[in-house]
Amino acid sequence: MKQYLDLMRHVRDQGCEKSDRTGTGTKSVFGYQMRFDLSEGFPLVTTKKCHLKSIVHELLWFLNGDTNTAYLKENGVSIWDEWASEEGDLGPVYGYQWRSWPAPNGESIDQISQLIDMIKRKPDSRRLIISAWNPADLPDESMSPQDNVKEGRMALAPCHTMFQFYVAEGKLSCQLYQRSADIFLGVPFNIASYALLTMMIAQVCDLEPGDFVHTFGDAHLYSNHAEQVDLQLQRTPKTLPSIKINSQVKDIFAFRFEDFELQNYDPDPHIPAPVAI
Ligand SMILES: Nc1nc(=O)c2c([nH]1)NC[C@@H]1CN(c3ccc(C(=O)N[C@@H](CCC(=O)O)C(=O)O)cc3)CN21
Ligand SMILES: O=c1ccn([C@H]2C[C@H](O)[C@@H](COP(=O)(O)O)O2)c(=O)[nH]1
(Lines give C-alpha, C1' and ligand atoms only; values in the text may rest on other atoms or scores of the structure.)
(Ligands and ions follow the chains in the order given, each with its own letter.)
Protein backbone atom coordinates (compact mmCIF):
# COMPACT_ATOMS: atom_id res chain seq x y z
CA MET A 1 0.00 0.00 0.00
CA LYS A 2 2.68 2.40 -1.09
CA GLN A 3 -0.06 4.62 -2.55
CA TYR A 4 -1.60 5.12 0.91
CA LEU A 5 1.71 5.86 2.65
CA ASP A 6 2.61 8.30 -0.15
CA LEU A 7 -0.66 10.18 0.46
CA MET A 8 -0.01 10.25 4.20
CA ARG A 9 3.56 11.50 3.73
CA HIS A 10 2.47 14.11 1.17
CA VAL A 11 -0.15 15.60 3.50
CA ARG A 12 2.13 15.47 6.55
CA ASP A 13 4.96 17.23 4.70
CA GLN A 14 3.09 19.51 2.27
CA GLY A 15 -0.34 20.04 3.86
CA CYS A 16 -1.70 23.42 4.98
CA GLU A 17 -2.72 23.94 8.61
CA LYS A 18 -6.51 24.22 8.57
CA SER A 19 -9.19 24.44 11.26
CA ASP A 20 -12.28 22.24 10.87
CA ARG A 21 -15.85 21.57 12.00
CA THR A 22 -14.77 19.23 14.83
CA GLY A 23 -12.43 21.83 16.40
CA THR A 24 -9.48 19.39 16.28
CA GLY A 25 -7.32 21.07 13.63
CA THR A 26 -5.86 19.39 10.55
CA LYS A 27 -3.12 19.40 7.96
CA SER A 28 -4.83 19.28 4.62
CA VAL A 29 -4.41 19.20 0.84
CA PHE A 30 -7.12 19.77 -1.77
CA GLY A 31 -7.19 17.27 -4.63
CA TYR A 32 -5.26 13.99 -4.77
CA GLN A 33 -5.67 10.67 -6.57
CA MET A 34 -4.63 7.06 -5.91
CA ARG A 35 -5.09 3.98 -8.12
CA PHE A 36 -5.24 0.30 -7.09
CA ASP A 37 -5.10 -2.52 -9.64
CA LEU A 38 -7.34 -5.09 -7.96
CA SER A 39 -5.57 -7.98 -9.72
CA GLU A 40 -2.47 -7.17 -7.63
CA GLY A 41 -4.14 -8.11 -4.34
CA PHE A 42 -6.75 -6.76 -1.97
CA PRO A 43 -5.86 -3.18 -0.91
CA LEU A 44 -6.08 -3.52 2.87
CA VAL A 45 -3.46 -1.43 4.70
CA THR A 46 -0.73 -3.69 6.14
CA THR A 47 1.24 -1.07 8.13
CA LYS A 48 -1.36 -1.29 10.91
CA LYS A 49 -3.92 -3.98 11.59
CA CYS A 50 -7.32 -3.07 10.08
CA HIS A 51 -10.56 -4.68 11.13
CA LEU A 52 -12.02 -6.17 7.93
CA LYS A 53 -15.02 -7.37 9.94
CA SER A 54 -16.19 -3.77 10.52
CA ILE A 55 -15.63 -2.94 6.85
CA VAL A 56 -17.63 -5.91 5.52
CA HIS A 57 -20.53 -5.41 7.93
CA GLU A 58 -20.68 -1.68 7.15
CA LEU A 59 -20.79 -2.38 3.39
CA LEU A 60 -23.52 -5.05 3.74
CA TRP A 61 -25.44 -2.59 5.93
CA PHE A 62 -25.22 0.14 3.23
CA LEU A 63 -26.31 -2.33 0.52
CA ASN A 64 -29.26 -3.36 2.65
CA GLY A 65 -30.48 0.23 2.69
CA ASP A 66 -30.15 0.29 6.47
CA THR A 67 -29.49 3.54 8.37
CA ASN A 68 -29.91 2.36 11.98
CA THR A 69 -26.89 1.14 13.94
CA ALA A 70 -28.78 -1.88 15.45
CA TYR A 71 -27.44 -4.31 12.78
CA LEU A 72 -23.88 -3.01 13.28
CA LYS A 73 -24.18 -3.27 17.07
CA GLU A 74 -25.47 -6.86 16.87
CA ASN A 75 -22.31 -7.65 14.94
CA GLY A 76 -19.93 -5.87 17.30
CA VAL A 77 -19.31 -2.86 15.00
CA SER A 78 -19.30 0.49 16.82
CA ILE A 79 -17.81 2.89 14.21
CA TRP A 80 -21.08 4.81 13.71
CA ASP A 81 -22.17 5.02 17.38
CA GLU A 82 -20.95 8.56 18.07
CA TRP A 83 -23.23 10.02 15.36
CA ALA A 84 -26.41 8.03 16.07
CA SER A 85 -29.49 9.07 18.07
CA GLU A 86 -30.44 7.16 21.23
CA GLU A 87 -32.55 4.88 19.04
CA GLY A 88 -29.55 4.21 16.78
CA ASP A 89 -30.86 6.34 13.88
CA LEU A 90 -28.52 8.23 11.54
CA GLY A 91 -31.17 9.86 9.32
CA PRO A 92 -31.13 9.48 5.50
CA VAL A 93 -27.43 8.51 5.16
CA TYR A 94 -25.76 6.23 2.56
CA GLY A 95 -28.08 3.20 2.76
CA TYR A 96 -31.15 5.37 2.24
CA GLN A 97 -29.74 7.38 -0.68
CA TRP A 98 -28.28 4.27 -2.40
CA ARG A 99 -31.49 2.22 -2.21
CA SER A 100 -34.39 4.66 -1.76
CA TRP A 101 -33.49 8.12 -3.07
CA PRO A 102 -36.83 9.98 -2.94
CA ALA A 103 -38.20 10.84 -6.38
CA PRO A 104 -40.43 13.90 -6.98
CA ASN A 105 -43.45 11.66 -7.81
CA GLY A 106 -43.39 10.09 -4.34
CA GLU A 107 -41.70 6.89 -5.50
CA SER A 108 -38.12 6.05 -4.63
CA ILE A 109 -35.08 5.22 -6.76
CA ASP A 110 -33.00 2.12 -6.04
CA GLN A 111 -29.69 3.37 -7.44
CA ILE A 112 -27.86 0.07 -6.81
CA SER A 113 -30.40 -2.09 -8.66
CA GLN A 114 -30.46 0.37 -11.55
CA LEU A 115 -26.66 0.41 -11.66
CA ILE A 116 -26.33 -3.40 -11.83
CA ASP A 117 -28.98 -3.52 -14.54
CA MET A 118 -27.18 -0.81 -16.55
CA ILE A 119 -23.74 -2.47 -16.21
CA LYS A 120 -25.27 -5.69 -17.60
CA ARG A 121 -27.27 -4.06 -20.41
CA LYS A 122 -25.12 -1.07 -21.36
CA PRO A 123 -21.57 -1.63 -20.13
CA ASP A 124 -20.28 1.19 -22.37
CA SER A 125 -22.50 3.75 -20.66
CA ARG A 126 -20.73 6.78 -19.22
CA ARG A 127 -23.54 7.27 -16.74
CA LEU A 128 -22.84 4.38 -14.36
CA ILE A 129 -23.01 6.63 -11.31
CA ILE A 130 -24.30 6.43 -7.74
CA SER A 131 -24.68 9.59 -5.69
CA ALA A 132 -25.13 9.86 -1.95
CA TRP A 133 -25.04 13.67 -2.09
CA ASN A 134 -28.70 14.65 -1.80
CA PRO A 135 -28.79 18.38 -1.00
CA ALA A 136 -32.37 18.15 0.32
CA ASP A 137 -31.27 15.88 3.17
CA LEU A 138 -27.94 17.46 4.18
CA PRO A 139 -27.39 18.27 7.87
CA ASP A 140 -27.16 21.77 9.28
CA GLU A 141 -23.45 22.08 10.13
CA SER A 142 -24.16 24.22 13.19
CA MET A 143 -26.28 21.49 14.85
CA SER A 144 -25.21 18.21 16.51
CA PRO A 145 -25.60 14.96 14.52
CA GLN A 146 -28.37 13.88 16.92
CA ASP A 147 -30.34 17.14 16.51
CA ASN A 148 -30.08 16.83 12.73
CA VAL A 149 -31.47 13.28 12.92
CA LYS A 150 -34.41 14.58 15.02
CA GLU A 151 -35.19 17.03 12.19
CA GLY A 152 -35.13 14.20 9.63
CA ARG A 153 -31.74 15.16 8.21
CA MET A 154 -28.55 13.13 7.79
CA ALA A 155 -26.41 12.86 10.96
CA LEU A 156 -23.29 13.57 8.87
CA ALA A 157 -22.95 14.77 5.28
CA PRO A 158 -21.76 11.95 2.99
CA CYS A 159 -17.96 11.81 2.73
CA HIS A 160 -17.93 9.28 -0.10
CA THR A 161 -20.22 11.41 -2.20
CA MET A 162 -20.36 9.79 -5.62
CA PHE A 163 -18.83 6.89 -7.51
CA GLN A 164 -18.73 5.84 -11.12
CA PHE A 165 -18.15 2.49 -12.83
CA TYR A 166 -16.38 1.81 -16.12
CA VAL A 167 -16.26 -1.40 -18.18
CA ALA A 168 -13.49 -2.14 -20.70
CA GLU A 169 -11.83 -5.38 -21.87
CA GLY A 170 -14.07 -7.45 -19.59
CA LYS A 171 -12.95 -5.58 -16.48
CA LEU A 172 -14.99 -3.41 -14.11
CA SER A 173 -13.32 -0.33 -12.62
CA CYS A 174 -14.68 2.09 -10.05
CA GLN A 175 -13.78 5.67 -9.21
CA LEU A 176 -14.86 7.29 -5.96
CA TYR A 177 -14.99 11.03 -5.31
CA GLN A 178 -14.45 11.51 -1.57
CA ARG A 179 -15.08 15.17 -0.64
CA SER A 180 -13.52 14.89 2.83
CA ALA A 181 -11.09 12.25 4.06
CA ASP A 182 -9.71 11.42 7.51
CA ILE A 183 -6.51 9.85 6.18
CA PHE A 184 -5.49 7.97 9.31
CA LEU A 185 -8.84 6.45 10.42
CA GLY A 186 -11.37 6.68 7.59
CA VAL A 187 -9.34 6.17 4.40
CA PRO A 188 -8.12 2.58 5.08
CA PHE A 189 -11.81 1.67 5.58
CA ASN A 190 -12.91 3.56 2.47
CA ILE A 191 -10.30 1.94 0.18
CA ALA A 192 -11.11 -1.58 1.35
CA SER A 193 -14.84 -0.99 1.23
CA TYR A 194 -14.92 0.31 -2.37
CA ALA A 195 -12.41 -2.31 -3.54
CA LEU A 196 -14.68 -5.01 -2.11
CA LEU A 197 -17.81 -3.42 -3.60
CA THR A 198 -16.12 -3.36 -7.02
CA MET A 199 -15.22 -7.07 -6.69
CA MET A 200 -18.78 -7.95 -5.63
CA ILE A 201 -20.38 -6.01 -8.50
CA ALA A 202 -17.87 -7.50 -10.96
CA GLN A 203 -18.84 -11.01 -9.80
CA VAL A 204 -22.59 -10.49 -10.19
CA CYS A 205 -22.06 -8.91 -13.63
CA ASP A 206 -19.68 -11.67 -14.85
CA LEU A 207 -16.75 -9.25 -15.17
CA GLU A 208 -13.25 -9.27 -13.73
CA PRO A 209 -12.27 -6.54 -11.22
CA GLY A 210 -10.20 -3.77 -12.82
CA ASP A 211 -8.91 -0.67 -11.00
CA PHE A 212 -10.20 1.21 -7.99
CA VAL A 213 -9.44 4.92 -8.46
CA HIS A 214 -9.71 7.03 -5.31
CA THR A 215 -10.07 10.77 -5.85
CA PHE A 216 -10.10 13.22 -2.94
CA GLY A 217 -11.32 16.73 -2.21
CA ASP A 218 -10.09 17.79 1.27
CA ALA A 219 -7.65 15.04 2.35
CA HIS A 220 -6.53 15.69 5.92
CA LEU A 221 -4.55 14.43 8.88
CA TYR A 222 -6.04 15.39 12.25
CA SER A 223 -3.51 17.08 14.52
CA ASN A 224 -4.15 14.49 17.28
CA HIS A 225 -3.04 11.70 14.91
CA ALA A 226 0.46 13.14 14.38
CA GLU A 227 2.35 10.56 16.48
CA GLN A 228 0.39 7.68 14.97
CA VAL A 229 1.19 8.98 11.48
CA ASP A 230 4.93 9.25 12.21
CA LEU A 231 4.92 5.70 13.59
CA GLN A 232 3.07 4.33 10.58
CA LEU A 233 5.38 6.09 8.13
CA GLN A 234 8.38 4.30 9.67
CA ARG A 235 6.86 0.92 8.74
CA THR A 236 7.43 -0.91 5.45
CA PRO A 237 4.39 -2.15 3.52
CA LYS A 238 4.07 -5.95 3.18
CA THR A 239 2.59 -8.09 0.41
CA LEU A 240 -1.13 -7.44 0.00
CA PRO A 241 -3.60 -10.04 1.24
CA SER A 242 -6.32 -11.49 -0.99
CA ILE A 243 -10.04 -11.95 -0.52
CA LYS A 244 -11.93 -15.05 -1.50
CA ILE A 245 -15.57 -14.39 -2.33
CA ASN A 246 -18.14 -17.19 -2.50
CA SER A 247 -18.50 -17.54 -6.30
CA GLN A 248 -22.04 -18.93 -6.03
CA VAL A 249 -23.47 -15.51 -5.15
CA LYS A 250 -24.84 -13.78 -8.27
CA ASP A 251 -27.22 -11.29 -6.64
CA ILE A 252 -25.66 -8.16 -5.12
CA PHE A 253 -28.18 -8.20 -2.25
CA ALA A 254 -27.58 -11.87 -1.38
CA PHE A 255 -24.04 -11.55 0.00
CA ARG A 256 -23.57 -12.57 3.64
CA PHE A 257 -20.65 -11.94 5.99
CA GLU A 258 -19.66 -15.62 5.66
CA ASP A 259 -19.16 -15.24 1.89
CA PHE A 260 -15.84 -13.40 2.36
CA GLU A 261 -12.54 -14.88 3.47
CA LEU A 262 -9.41 -12.78 3.95
CA GLN A 263 -6.25 -14.71 3.10
CA ASN A 264 -2.55 -14.03 3.77
CA TYR A 265 -3.06 -10.86 5.82
CA ASP A 266 0.02 -10.32 7.98
CA PRO A 267 -0.19 -6.71 9.20
CA ASP A 268 1.90 -4.74 11.67
CA PRO A 269 0.22 -4.14 15.06
CA HIS A 270 -2.89 -1.97 15.36
CA ILE A 271 -2.33 1.75 16.10
CA PRO A 272 -5.19 3.22 18.17
CA ALA A 273 -6.29 6.81 17.52
CA PRO A 274 -9.16 9.03 18.72
CA VAL A 275 -11.93 9.83 16.22
CA ALA A 276 -12.92 13.48 15.66
CA ILE A 277 -16.69 13.93 16.11
N1 LIG B 1 -13.56 11.98 11.96
C2 LIG B 1 -14.17 10.97 11.33
N3 LIG B 1 -13.42 10.06 10.66
C4 LIG B 1 -14.01 9.03 10.00
O5 LIG B 1 -13.29 8.24 9.40
C6 LIG B 1 -15.43 8.94 10.03
C7 LIG B 1 -16.17 9.89 10.73
N8 LIG B 1 -15.52 10.91 11.38
N9 LIG B 1 -17.53 9.83 10.80
C10 LIG B 1 -18.27 8.82 10.08
C11 LIG B 1 -17.52 7.62 9.72
C12 LIG B 1 -17.30 6.57 10.76
N13 LIG B 1 -16.01 6.00 10.33
C14 LIG B 1 -15.08 5.51 11.23
C15 LIG B 1 -15.23 5.77 12.58
C16 LIG B 1 -14.32 5.25 13.48
C17 LIG B 1 -13.25 4.49 13.02
C18 LIG B 1 -12.30 3.91 14.03
O19 LIG B 1 -12.32 4.27 15.18
N20 LIG B 1 -11.49 2.96 13.65
C21 LIG B 1 -10.57 2.29 14.54
C22 LIG B 1 -11.22 1.08 15.16
C23 LIG B 1 -11.91 0.21 14.15
C24 LIG B 1 -12.91 -0.81 14.68
O25 LIG B 1 -13.49 -0.70 15.76
O26 LIG B 1 -13.12 -1.78 13.91
C27 LIG B 1 -9.31 1.92 13.75
O28 LIG B 1 -8.27 1.79 14.37
O29 LIG B 1 -9.39 1.79 12.51
C30 LIG B 1 -13.11 4.23 11.66
C31 LIG B 1 -14.03 4.74 10.77
C32 LIG B 1 -15.58 6.64 9.13
N33 LIG B 1 -16.14 7.93 9.34
O1 LIG C 1 -16.25 7.28 5.24
C2 LIG C 1 -15.80 8.28 5.80
C3 LIG C 1 -16.61 9.10 6.57
C4 LIG C 1 -16.07 10.18 7.17
N5 LIG C 1 -14.77 10.48 7.01
C6 LIG C 1 -14.23 11.67 7.74
C7 LIG C 1 -13.81 12.86 6.93
C8 LIG C 1 -13.89 13.98 7.98
O9 LIG C 1 -12.74 13.93 8.80
C10 LIG C 1 -15.11 13.59 8.79
C11 LIG C 1 -16.38 14.25 8.32
O12 LIG C 1 -16.40 15.61 8.65
P13 LIG C 1 -16.96 16.75 7.65
O14 LIG C 1 -16.83 18.01 8.43
O15 LIG C 1 -18.38 16.39 7.34
O16 LIG C 1 -16.10 16.73 6.43
O17 LIG C 1 -15.22 12.18 8.62
C18 LIG C 1 -13.95 9.68 6.27
O19 LIG C 1 -12.73 9.91 6.12
N20 LIG C 1 -14.50 8.60 5.67
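Residues numbered from 1 in each chain as written. Chains lettered and ligands numbered in written order. Predicted model: local features only at pLDDT ≥ 70, side-chain atom pairs only at ≥ 80, totals over all residues. Heavy atoms only, no water.

- An unreviewed UniProt entry lists the chain under the name Thymidylate synthase, from Pseudoteredinibacter isoporae.
- Its UniProt record, at the heading Subunit (unreviewed entry), says of the chain: "Homodimer." (UniProt positions renumbered as here; feature names shortened; annotations may be inferred.)

**Quick look at the overall build of the chain**
- Per the secondary structure count, the chain includes 8 helices and 10 strands.
- In summary, the chain has a C-alpha radius of gyration of 18 Å against a globular reference of 19 Å for 277 residues, a match within 12%.
- Looking at the 277 residues of the chain, the share that counts as buried comes to 52%.
- The contacts in the chain between residues at least 6 apart in sequence include a share of 71% that link residues at least 24 apart.
- Of the roughly 13,300 Å² that the chain leaves accessible, carbon and sulfur atoms contribute 47%.
- If the 26 positive side-chain charges of the chain are averaged to one point and the 37 negative ones to another, these points end up 5 Å apart. (Helix = DSSP H or I, 4+ residues; strand = E, 2+ residues; numbered from the N terminus. Rg over C-alpha atoms; globule rule 2.2 N^0.38 Å. Buried < 20%, exposed > 50% of the residue type's maximum accessible area, 1.4 Å probe, protein only. Contact = heavy atoms within 4.5 Å. Areas by Shrake-Rupley, 256 points an atom, 1.4 Å probe, with all protein chains shown as cover. Lys, Arg positive; Asp, Glu negative; His and termini not counted. Charge placed at Lys NZ, Arg CZ, Asp CG, Glu CD.)

**What about the site of ligand 2?**
- The full set of residues close to ligand 2 is Arg21, Cys159, His160, Gln178, Arg179, Ser180, Ala181, Asp182, Gly186, Asn190, His220 and Tyr222.
- Measuring from an oxygen atom of ligand 2, one finds a side-chain N or O atom of arginine 179 at 2.8 Å.
- In isolation ligand 2 exposes 460 Å². Once the protein is present, 83% of that is buried.
- Counting only elements with at least two residues in the shell around ligand 2, the list comes to strand S7 (171-182), helix H7 (186-204) and strand S8 (208-222).
- Classifying every residue of the shell around ligand 2 by side-chain character gives 3 nonpolar, 6 polar and 3 charged. (Near = heavy atom within 4 Å. Polar contact = N/O pair within 3.5 Å; in protein donor to acceptor, adjacent residues only side chain to side chain. Nonpolar A, V, L, I, M, F, W, Y, C, P; charged D, E, K, R; others polar.)

**Considering the site of ligand 1**
- Around ligand 1, the surrounding shell holds 14 residues, and the nearest of these are His51, Ser54, Asp182, His270 and Ala276.
- Interatomic distance of 2.6 Å between a side-chain N/O atom of histidine 270 and an oxygen atom of ligand 1.
- Within the backbone of alanine 276, a nitrogen or oxygen atom sits 2.8 Å from a nitrogen atom of ligand 1.
- When isolated, ligand 1 has an accessible area of 650 Å², and the protein chains bury 83% of it.
- Classifying every residue of the shell around ligand 1 by side-chain character gives 9 nonpolar, 4 polar and 1 charged.

**Some points on the UniProt feature "active site" (unreviewed entry) in the chain**
- Here the UniProt feature "active site" (unreviewed entry) sits at Cys159.
- In this structure, cysteine 159 sits in the loop between helix H6 (145-150) and strand S6 (160-168).

**Description of the environment of asparagine 75**
- Within the secondary structure, asparagine 75 sits in the loop between helix H3 (70-74) and helix H4 (94-100).
- Side-chain polar atoms of asparagine 75 contact the backbone oxygen of tyrosine 71, separated by 2.8 Å.

**Considering the nonpolar core**
- One finds Trp98, Ile119, Met200 and Ile201 to be the most contacted residues of the largest nonpolar core, which totals 83 residues.
- Top element by residues in this core is H7. It accounts for 13 residues.
- Contacts of isoleucine 119, omitting those with residues within four sequence positions, involve Leu128, Phe165, Val167, Leu172, Ile201, Cys205 and Leu207. (Core = buried A, V, L, I, M, F, W, Y, C linked by side-chain atoms within 4.5 Å.)

**What about the pattern of salt bridges?**
- By the definition in use, this model includes 13 salt bridges.
- In this structure, the salt-bridge partner of lysine 73 is aspartate 81, at a minimum N-O distance of 3.6 Å.
- What makes aspartate 81 partly exposed here is its relative accessible area of 27%.
- Each of Lys2, Asp6 and Arg9 takes part in one network of salt bridges that share partners. (Salt bridge = Lys/Arg side-chain N within 4 Å of Asp/Glu carboxyl O.)

**A word on the side chain of asparagine 68**
- Within the secondary structure, asparagine 68 is located in the loop between helix H2 (52-63) and H3.
- Only 2.7 Å separates the side chain of asparagine 68 from the side chain of aspartate 89, close enough to count as a polar contact.
- Non-local contacts of asparagine 68, meaning those with residues more than four positions away in its chain, are made with Trp61, Glu87, Gly88 and Asp89.

**Overview of the sheet that holds S7**
- Ordered in space as S1-S2-S8-S7-S6-S5, the 6 strands form an open sheet in which the pairing is mixed. The sheet is open, and its two edges are formed by strand S1 (16-18) and strand S5 (129-131), each paired on a single side. Mean inter-strand twist for the sheet, computed between neighbouring axes without regard to direction, equals 20°.
- Examined bridge by bridge, S5 and S6 share 3 bridges and lie antiparallel to one another. Bridge pairing in S6 places serine 131 opposite methionine 162.
- Against the sheet, helix H1 (residues 2-14) makes contact with S1, strand S2 (26-37) and S8, and its axis sits at roughly 160° relative to S2, the strand it touches most. (Pairing = 2+ DSSP bridges. Axes fitted to C-alpha atoms, helices over the stretch in contact; angles between N-to-C directions.)

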